[in-house]
Amino acid sequence: MGSPLVVVTVVLLVVALATTVVASVASYRRLRVRLESEVSSGPEQAHEPEGLREAEAARARLAGALEAVSQGVVVRDEAGREVFRNQAALAYVRGRHGEALVEQAIQEQFAALAEGGALRRTLDLYGPPRRVLLLSAVTLGDGPHPAGALVLVDDVSERRRLEAVRRDFVTNITHELKTPVGALGLLADTISIEDDAEVVRRLAARMTEEALRVGRIIDDLLDLSRIEAEEAPRHEPVPVHEVVSEAVERVRPLAQRRGIQVDTSDVVRSHAVRGDRRQLMSAVANLLENACKYSEEGSPVELRSRVEGEMVEVEVRDQGIGIPGRDLERVFERFYRVDRARSRETGGTGLGLAIVRHVATNHKGEVRVTSREGEGSVFTLRLPSAFPSGGPVPSGRVVVPVEVESR
Ligand SMILES: Nc1ncnc2c1ncn2[C@@H]1O[C@H](COP(=O)(O)OP(=O)(O)OP(=O)(O)O)[C@@H](O)[C@H]1O
Ligand SMILES: [Mg+2]
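Residues numbered from 1 in each chain as written. Chains lettered and ligands numbered in written order. Predicted model: local features only at pLDDT ≥ 70, side-chain atom pairs only at ≥ 80, totals over all residues.

Notes on the overall build of the chain
Okay, step 1: Across its full length, the chain holds 11 helices and 13 strands.
Okay, step 2: Put simply, of all contacts in the chain between residues at least 6 apart along the chain, 67% involve residues at least 24 apart. (Helix = DSSP H or I, 4+ residues; strand = E, 2+ residues; numbered from the N terminus. Contact = placed C-beta atoms within 7 Å.)

As structure tokens, then:
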């Protein structure tokens, strides 16, 4: 997405259309002038204005085609008169703030083109929201007599954002894998020259730990990419208590090791959500695992469910270390960990909550958190109920994917 090839293809397509628009506008004008002179020289000579109608139809077709492109298109004829502007570009006329700057940049592009100047320009609008626009100026027609000029305005903000996310992701994953892999190399080197059996045994145990860590990162990444790929998960009714039981099973070894009691008595048996059992289990298990990991040994963890209108809420409540207010907004980002040093001990990668958020979004639901440092956290997964009271859950409803609150 957003490759230079796509941009070039769009520009070429629009140029072809715009050239024809300019030509058809010109021929339309010529025909009109001819027709008017014919009319003025006597009604009997004013034949059926067939040509005029055809030219108008051709112009309307091409203008319609240019309306369909999402980019802003402004076309001028050879005399520098604006002969076409699609809906997307109309927003810049008499616009304020950022829009006015875009209009100014369009005019500058035409002026630069007339003087044989720059053809492409990136416009950064600092917003909010921050936007990046790519303006391409092209001369229309071949040969020494151009038929006009075109400026194309492409909003590449989303493309740039995705590129940045991908770059960050690659950097993060490289870093996350480099650390344990580097440690494995060092440990292996040390073992190869160590004679003391006891030290070798200790180093080998460390190697196993690091290898498990790499394995966990890869498992999380596979989970995340599978969930990301399944944008439209299965939508079958799934009883909440079944999802919770499976998640508790998955986290049981960790909970037992830490002496944590997981109380599920407030999970109502009749509550069911609509969705993909595997994804839902993965989300609840990640929340539960965090509740166990980020709590003191022996501290309680509670799960409960309740119905709120057409949504079912699944709540995971702990009395653990809590999350500082400044980090609350960021914990759902991939690889984000509140305390990296501590997470190294707990073996986290920072992908768990990214998975939870994805599952919530995929199900047209959301995940919320309230937390207080030193007192504990409550994560709430809100999902469409399988049995909405007022009929089926409306699809296409806009849901803010993550809502974060700090008490
Ligand atoms: N219940 C919780 N209590 C306190 N802090 C939490 C809780 N849940 C998450 N966090 C904080 O949010 C961070 C991100 O959580 P997330 O589940 O995404 O990653 P992780 O647990 O570090 O690693 P992973 O889940 O990939 O093994 C954690 O590192 C931790 O700092
Ligand atoms: Mg986690």
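Overview of the pairing of strand E5 (residues 148-155)
Note on strand geometry: in a regular strand, side chains alternate between the two faces of the sheet.
Okay, step 1: E5 sits mainly inside the fold: seven of its eight residues count as buried.
Okay, step 2: Relative to E5, strand E1 (residues 72-77) runs antiparallel, the two sharing six bridges. Bridge pairing in E5 places Val74 opposite Val151.
Okay, step 3: Where strand E4 (residues 131-140) and E5 come together, eight bridges link them in antiparallel fashion. Opposite Thr139, over in E5, you have Ala149 as the bridge partner. (Buried ≥ 20, exposed ≤ 12 C-beta atoms within 10 Å, placed from the backbone. Pairing = 2+ DSSP bridges.)

Regarding the site of ligand 1
Okay, step 1: Near ligand 1 there are 24 residues, and of these Asn290, Arg337, Val338, Gly348 and Gly352 occur at the shortest range.
Okay, step 2: The set of elements that each furnish at least two residues to the shell around ligand 1 consists of helix H8 (277-293) and helix H11 (352-362).
Okay, step 3: Per-class residue counts for the shell around ligand 1 are 10 nonpolar, 10 polar and four charged. (Near = placed C-beta within 6 Å. Nonpolar A, V, L, I, M, F, W, Y, C, P; charged D, E, K, R; others polar.)

Side note on the nonpolar core
Okay, step 1: Counting residues in each nonpolar core, the largest one holds 43 residues, and the members touching the most others are Ala283, Val284, Leu287, Leu288 and Leu381.
Okay, step 2: In terms of residue count, H8 provides more of this core than any other element does, nine residues in total.
Okay, step 3: The contact partners of Leu288, leaving out residues within four places of it in the chain, are Ala247, Val248, Val251, Val262, Val301 and Val316.
Okay, step 4: Of all hydrophobic cores here, the second largest spans 22 residues; its members include Leu62, Val102, Leu133 and Leu150. (Core = buried A, V, L, I, M, F, W, Y, C linked by C-beta atoms within 7 Å.)

Some points on the environment of Ala188
Okay, step 1: As for its placement among the helices and strands, Ala188 is situated in helix H5 (residues 157-192).
Okay, step 2: Along the sequence, Ala188 and Ala204 sit 16 residues apart, while their C-alpha atoms lie 8.2 Å from each other.

Quick look at helix H7 (residues 240-257)
Okay, step 1: Across its 18 residues, H7 extends 26 Å between first and last C-alpha, which sits within 8% of the 26 Å expected from 1.5 Å per residue.
Okay, step 2: The largest bend in H7 amounts to roughly 55° and is located at Val251, with the proline Pro253 lying one to four residues further along.
Okay, step 3: If you check which residues of H7 are buried, you get Val240, Val243, Val244, Ala247 and Val251.
Okay, step 4: Buried residues belonging to H7 abut strand E6 (236-239), strand E7 (262-266), strand E8 (272-275), H8, strand E9 (301-308) and strand E10 (311-318).
Okay, step 5: Looking one or two residues past H7, Gly259 carries a phi angle of roughly 65°, positive in sign. (Expected span 1.5 Å × (residues − 1). Bend = angle between axes of the 7 residues up to and from the residue.)

Considerations on the sheet that holds E1
Okay, step 1: Read from one edge of the open sheet, five strands run E2-E1-E5-E4-E3, paired in antiparallel fashion. A single partner strand is all that each edge strand has here, and the edge strands are strand E2 (82-85) and strand E3 (120-125). Direction aside, neighbouring strands of the sheet carry axes that sit 15° apart on average.
Okay, step 2: Sheet strands touched by helix H4 (residues 98-114): E1, E3, E4 and E5. Its angle to E4, the strand with the most contacts, is close to 30°. (Axes fitted to C-alpha atoms, helices over the stretch in contact; angles between N-to-C directions.)

Comments concerning the packing of helix H6 (residues 197-229) against H11
Okay, step 1: At a minimum axis distance of 10 Å, the contact between H6 and H11 shows a crossing angle of 15°. Here H6 lies roughly parallel to H11, going by the angle between them. The two elements H6 and H11 meet at a crossing, and its hand is left-handed. Side by side, H6 and H11 meet where Asp223, Leu224, Ile227 and Glu228 of the first sit next to Ala354, Ile355, His358, Val359 and Asn362 of the second. (Parallel < 35°, antiparallel > 145°, perpendicular 65-115°, else oblique. Left-handed = near helix turned anticlockwise from the far one by under 90°.)

What about the packing of H8 against H11?
Okay, step 1: Look at H8 against H11: their axes get within 9 Å of each other, and the N-to-C directions meet at 145°. Both H8 and H11 take part in a crossing whose hand is left-handed. Residues Gln279, Leu280, Ser282, Ala283, Asn286, Leu287, Glu289 and Asn290 of H8 form the contact with H11, whose participating residues are Gly352, Leu353, Ile355, Val356, Val359, Ala360 and Asn362.
Okay, step 2: Looking at the contact of H8 with H11 residue by residue, the class counts come to eight nonpolar, six polar and one charged.

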